[in-house]
Amino acid sequence: MAHYPEMAGRAAVITGGSGGIGKATALRLVQNGVGVLIADVAQTDIDAAVAEIERAGGRAIGAQVDVRDPGAVRRMADACRDAFGSLDYLVACAGIFKHVSFMEMTLDAWKETLDVNLTGTFLCMQAALTHMIEAGYGRIVNLSSHAAVRGISALHAFSARQKRASWGCPRP
């Protein structure tokens, strides 16, 4: 049942969209007539999410994307625009965490977490904004965890994420 009919015909990219909050968000968006691009790293999970969305009557495509790769992120944004005619919404859900004590965390694991959770969000926002600014419309929602405001001892790199923001580009 559509609760926001003004969203019908719009398109969204959802990173981390093959499971959890990302997939639940995709399912809610398609109920409102939004076409969704499910972006994630595991192709089998992407395919399953796209199939579930299509069974629910929604329009969906998938893209295997490492959000740390600027070229892959640009291709993801372009694929949404090419498939649906626009990229109106970005929901940045992609994130990882390493459940390990601070003293046992390696520098590589720390960097990987920050690269996916922070740099990946930055790159996705830039790619989406390219299309949104050109169109004069767009909405970005960056999701975070309660760990962003209340640190968790074994999730220190994840807690550094603190990406609680929204951005909107109104129509002229």
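Quick word on the confidence of the model for the chain
Phase 1: Confidence in the prediction of the chain, expressed as mean pLDDT, is 88, and 83% of residues score 70 or more.
Phase 2: Throughout residues 161-167 the model reports pLDDT below 50, and contacts reaching past four residues in sequence, or to other chains, amount to 28 contacts.

Some details on the nonpolar core
Phase 1: Core analysis: the largest hydrophobic core is formed by 24 residues, its most contacted members being Val65, Val73 and Met76.
Phase 2: Looking at this core, the elements with two or more residues in it are β1 (11-15), β2 (35-40), α3 (70-84) and α4 (107-135).
Phase 3: When residues in this core are grouped by element, the largest group, seven residues, is from α4.
Phase 4: When neighbours within four sequence positions are excluded, valine 73 is seen to be in contact with Val65, Asp66, Val67, Leu123, Cys124 and Ala127.
Phase 5: If you look at the next biggest cluster of nonpolar residues, it comprises 18 residues, including Met7, Ala26, Ile38 and Ile53.

The rules behind these values
Residues numbered from 1 in each chain as written. Predicted model: local features only at pLDDT ≥ 70, side-chain atom pairs only at ≥ 80, totals over all residues. Heavy atoms only, no water. pLDDT = per-residue confidence, 0-100. Contact = heavy atoms within 4.5 Å. Core = buried A, V, L, I, M, F, W, Y, C linked by side-chain atoms within 4.5 Å. Buried < 20%, exposed > 50% of the residue type's maximum accessible area, 1.4 Å probe, protein only. Helix = DSSP H or I, 4+ residues; strand = E, 2+ residues; numbered from the N terminus.

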